[in-house]
Amino acid sequence: MNVGERHYRTIWLSDDKRSVEIIDQRWLPHEFRIERIGNVAGIATAIRDMWVRGAPLIGVTAAYGVAIQMTEDPSDEALDAVWETLHRTRPTAINLRWALDEMRRYLKPLAPGERAEAAYRRAAEIADEDVGLNRAIGENGLAIIKEIAAKKKPGETVNILTHCNAGWLATVDYGTATAPIYLATEAGIPVHVYVDETRPRNQGAQLTAWEMAGHGVPHTLIVDNAGGHLMQRGDIDMVIVGTDRTTANGDVCNKIGTYLKALAAADNDVPFYVALPSPTIDWTVADGLAEIPIEERSGDEVSLVWGRTAAGNIAQVRVSPDATPAANPAFDVTPARLVTGLITERGVAKASRAGLKAMFPERG
Ligand SMILES: CSC[C@H]1O[C@H](OP(=O)(O)O)[C@H](O)[C@@H]1O
């Protein structure tokens with residue numbers, strides 16, 4: 001079975017051609033729920049409440065949200081309004097703004113009567129482009145895994161640590177950080193993945209572990225704080241993560257906890273790679289720490305945890321005292337100096353302005 005056959009596309013146009021269907025990821029791995037969304041408010045809720053999540057998928061979902069809006073009202077005012085409504089759902093992933101900007105650029109010159117059909121066409125193109133970008137990232141990351149495997153004894157396992165979910169569930173298919181892992185598995189290279197649970201929303205425990213199992217990739221779930229210890233013991237050969245926004249200087253904004261993994265990797269000479277498609281690069285920002293807005297989510301996500309009870313019901317339990325306030329910054333910024341390389345669809349770039357400009361000479 002090739003990689004694509006082991007996954008699902010995470011978003012697709014419904015039969016009525018006026019709505020989209022998505023996998024509501026909040027219920028995974030316990031339930032596989034598909035939701036149909038046919039209005040902008042529903043798209044906004046799905047992004048804000050993380051029914052769908054992951055920078056590329058957020059962007060594609062927003063693109064379809066614009067198409068749904070154009071079906072309802074193709075006016076300039078409606079085009080601007082849907083841009084505003086969806087842009088404010090989540091502030092950090094640059095793919096959201098990139099997709100909304102691209103849709104408005106594409107639709108503005110068209111007569112209102114032409115916009116709905118054009119919007120669905122462009123949204124589908126962006127979705128298909130994402131799959132192609134991620135497949136290419138997979139090929140470029142596979143080369144790195146092969147290099148690491150070649151330095152080990154024949155047949156010895158390559159141990160990879162990943163944080164959060166930058167898998168096919170975070171994109172339209174293949175994923176970014178997981179794409180090289182899937183292709184390495186397909187190529188018969190023995191890989192094993194340490195999956196950070198990734199508190200507080202547990203994208204690793206709920207989503208990445210589910211993806212790994214579904215693809216037959218050997219993996220071990222670990223608490224977020226175990227990664228440094230495993231690196232000290234020499235149990236990790238490489239770290240590969242995704243990103244929600246990478247700056248023109250190579251600073252990497254990603255799920256909270258990524259920075260700590262990068263520090264531990266640097267301290268233990270473990271290569272730390274970031275996989276990203278070029279729409280995740282924010283060429284307008286240089287200093288990630290100073291300029292990237294970090295989403296602050298509800299403290300309830302820290303204090304309350306979803307899971308499945310012994311009786312098989314999905315429930316939420318409180319892990320802290322009722323009166324204890326909780327802070328919940330959803331992302332952090334890893335300085336470029338801690339990044340070994342940026343695995344893009346064009347190749348592995350050095351995490352620097354010069355490195356990204358060399359990879360994308362038309363930008364930068
Ligand atoms: C390939 S982007 C994946 C990226 O998005 C995740 O954030 P969230 O689950 O809050 O949308 C996380 O930062 C992943 O690395």
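Counting restarts for each chain: residues are numbered from 1 in the order of the written sequence. The model is predicted, so local features are restricted to residues of pLDDT at least 70 and side-chain atom pairs to those at 80 or more, both for listing and for counting; the totals for chains, interfaces and linings are taken over all residues. With hydrogens and water stripped out, all remaining heavy atoms of the structure feed into the side-chain values.

Under an unreviewed UniProt entry, the name given to the protein is Methylthioribose-1-phosphate isomerase, and the organism recorded is Mesorhizobium album. UniProt positions are given in the numbering used here, feature names are shortened, and annotations may be inferred rather than shown by experiment. Among the UniProt annotations of the protein, the heading Catalytic activity (unreviewed entry) holds the following wording: "5-(methylsulfanyl)-alpha-D-ribose 1-phosphate = 5-(methylsulfanyl)-D-ribulose 1-phosphate". As its UniProt record puts it under Sequence similarities (unreviewed entry), the protein is described as follows: "Belongs to the EIF-2B alpha/beta/delta subunits family. MtnA subfamily."

Student: Explain the overall build of the protein to me, and be specific about the residues and the numbers.
Tutor: The helix and strand tally for the protein stands at 12 helices and 16 strands. Two things to know: the radius of gyration comes from C-alpha atoms, and the globule rule equals 2.2 Å times the number of residues to the power 0.38. A globule of 364 residues ought to have a C-alpha radius of gyration of about 21 Å, and the protein, at 20 Å, matches this closely. Along the first, second and third principal axes, the C-alpha atoms of the protein reach 65 × 55 × 45 Å. Here the protein holds 364 residues, and 56% of them are scored as buried. For the protein, contacts bridging at least 24 residues in sequence account for 74% of all contacts bridging at least 6. Note on charges: Lys and Arg go in the positive column, Asp and Glu in the negative column, and His and the chain ends are not counted at all. Charge positions come from single atoms, namely NZ of Lys, CZ of Arg, CG of Asp or CD of Glu. Positive and negative side-chain charges of the protein, numbering 38 and 48 respectively, have mean locations separated by a distance of 2 Å. The way it works is that DSSP assigns letters per residue, a run of H or I at least four long becomes a helix, a run of E at least two long becomes a strand, and they are numbered from the N terminus. Only protein chains enter the calculation, and the probe is 1.4 Å; a residue is then buried if its accessible area is under 20% of its type maximum, exposed if over 50%, and partly exposed in between. Whether two residues touch is decided by their heavy atoms; if any such pair falls within 4.5 Å, the residues are in contact.

Student: Go over the nonpolar core, please, and point to the residues and values.
Tutor: Judged by nonpolar contacts, the single largest core of 43 residues is most densely connected at Val-66, Met-70, Leu-86, Met-103 and Leu-107. Broken down by secondary-structure element, the contributors of at least two residues to this core are strand S2 (20–23), helix H1 (40–48), helix H2 (55–72), helix H3 (76–87), helix H4 (94–107) and helix H5 (112–150). Among the elements that line this core, the one with the most residues is H2, at 11 residues. Other than its neighbours up to four places away in sequence, Met-70 contacts Ser-75, Ala-78, Leu-79, Leu-107, Arg-115, Ala-116 and Ala-119. Residue types Ala, Val, Leu, Ile, Met, Phe, Trp, Tyr and Cys, when buried and joined through side-chain atoms within 4.5 Å, form a set referred to as a nonpolar core.

Student: Go over the UniProt feature "active site" (unreviewed entry) in the protein, please, and point to the residues and values.
Tutor: Taken from the UniProt record, the annotation "active site" (unreviewed entry) applies to Asp-244. Along the chain, Asp-244 turns up in the loop between strand S7 (238–241) and strand S8 (245–247). Ignoring any residue separated from it by four or fewer positions in sequence, one finds Asp-244 in contact with Ala-55, Thr-92, Ala-93, Ile-94, Asn-95, Cys-253, Asn-254, Lys-255, Thr-280 and Phe-331.

Student: I'd like a description of the pairing of strand S5 (residues 191–196), backed by residues and values.
Tutor: Counted residue by residue, S5 has six buried out of six residues, so it is predominantly covered. Here S5 shows two buried faces, one formed by Val-191, Val-193 and Val-195 and the other by His-192, Tyr-194 and Asp-196. The criterion for strand pairing is that DSSP finds at least two bridges linking the strands in question. Alignment of strand S4 (residues 158–162) against S5, held across five bridges, turns out to be parallel. Within the sheet, the bridge partner assigned to Asn-159 lies in S5 and is His-192. Here, the term right-handed applies to a crossover whose path from the first strand over the helix to the second runs clockwise when the strands point away from the viewer. Note that the unit made of S4, helix H6 (residues 178–186) and S5 has a crossover that is right-handed. With respect to chirality, the unit in which S5 leads through helix H7 (residues 203–215) into the neighbouring parallel strand S6 (residues 219–222) is right-handed.

Student: Could you give an account of the environment of Trp-27, naming the residues involved and the relevant values?
Tutor: Topologically, Trp-27 is positioned in the loop between S2 and strand S3 (34–37). Given the relative accessible area of 16%, Trp-27 is considered buried. Remark: the alpha-carbon pair of Trp-27 and Gln-206, spanning 179 residues in sequence, is separated by 8.6 Å. In contact with Trp-27, not counting residues within four places along its chain, are Arg-33, Trp-306 and Ile-314.

Student: How would you explain the confidence of the model for the protein if you had to name every residue and give the values?
Tutor: Residues with a pLDDT of 70 or more make up 98% of the protein, whose mean pLDDT is 96. Confidence of the prediction at every residue is given by pLDDT, a number between 0 and 100. When the elements of the protein are averaged for pLDDT, strand S1 (residues 11–13) gives the smallest value, 94, and strand S10 (residues 272–275) the largest, 99. Interface confidence for the predicted complex, given as ipTM, is 0.98, next to a pTM of 0.97.

Student: Tell me about the layout of surface pockets, residues and numbers included.
Tutor: Cavities and pockets are defined on a 1 Å grid built over the protein atoms alone: a cavity is a set of grid points where a 1.4 Å probe fits but cannot escape, while a pocket is an open set with protein on both sides within 12 Å along at least five of seven lines, and lining residues are those with an atom within 4 Å of any such point. Grid points are joined across faces, edges and corners, and a volume is the space filled by probe spheres set on the points. Here the largest pocket defines a volume of roughly 390 Å³. As for the largest pocket, its lining consists of 19 residues, and the residues nearest its centre are Arg-26, Asp-49, Arg-201, Glu-301 and Trp-306. When the residues that make up the lining of the largest pocket are grouped by side-chain class, the tally is six nonpolar, six polar and seven charged. Any residue outside Ala, Val, Leu, Ile, Met, Phe, Trp, Tyr, Cys, Pro, Asp, Glu, Lys and Arg is labelled polar, Gly included; the first ten of those are nonpolar and the last four are charged.

Student: Provide a residue-level description of the packing of aromatic side chains, including the pertinent values.
Tutor: In summary, the pairing rule links any two rings of Phe, Tyr or Trp, Trp by its six-membered ring, whose centres are within 6.5 Å, and it sorts them by plane angle into stacked for under 30 degrees, edge-to-face for over 60 and tilted for everything else. Throughout the structure, instances matching the rule amount to four aromatic pairs. For the pair Phe-32 and Trp-210, a centre-to-centre distance of 6.1 Å together with 35 degrees between the ring planes defines the contact as tilted. Remark: Trp-210 occurs in helix H7 and Phe-32 occurs in the loop between S2 and S3; sequence separation between them is 178 residues. The exposure class of Trp-210 is partly exposed, given its relative accessible area of 26%.

Student: Got a sec to walk through H3? Specific residues and values, please.
Tutor: With 12 residues, H3 extends 16 Å from end C-alpha to end C-alpha; this agrees with the ideal 16 Å at 1.5 Å per step. By the burial criterion, the buried members of H3 are Ala-78, Leu-79, Val-82, Trp-83 and Leu-86. The buried residues of H3 occupy one face: seen down the axis, they fall within an arc of 140 degrees. Residues of H3 that are buried sit in contact with H1, H2, H4 and H5. To estimate how far a helix should extend, the number of its residues minus one is multiplied by 1.5 Å. This arc describes the spread of directions from the helix axis toward the C-beta atoms.

Student: Run through a nonpolar patch on the surface, naming residues and quoting values.
Tutor: Together, Tyr-8, Phe-32 and Ile-34 give the surface a local cluster of nonpolar side chains, amounting to about 280 Å² of exposed area. Look at Ile-34 and you get partly exposed, because its relative accessible area is 41%. Patch definition: residues with relative accessible area over 30% and no salt bridge; like charges joined within 9 Å; nonpolar side chains (Val, Leu, Ile, Met, Phe, Trp, Tyr) joined within 5 Å. Computed by Shrake-Rupley with a 1.4 Å probe, the accessible areas treat only the displayed protein chains as cover when residues are assessed. A side-chain nitrogen of Lys or Arg and a carboxyl oxygen of Asp or Glu constitute a salt bridge if their distance falls within 4 Å.

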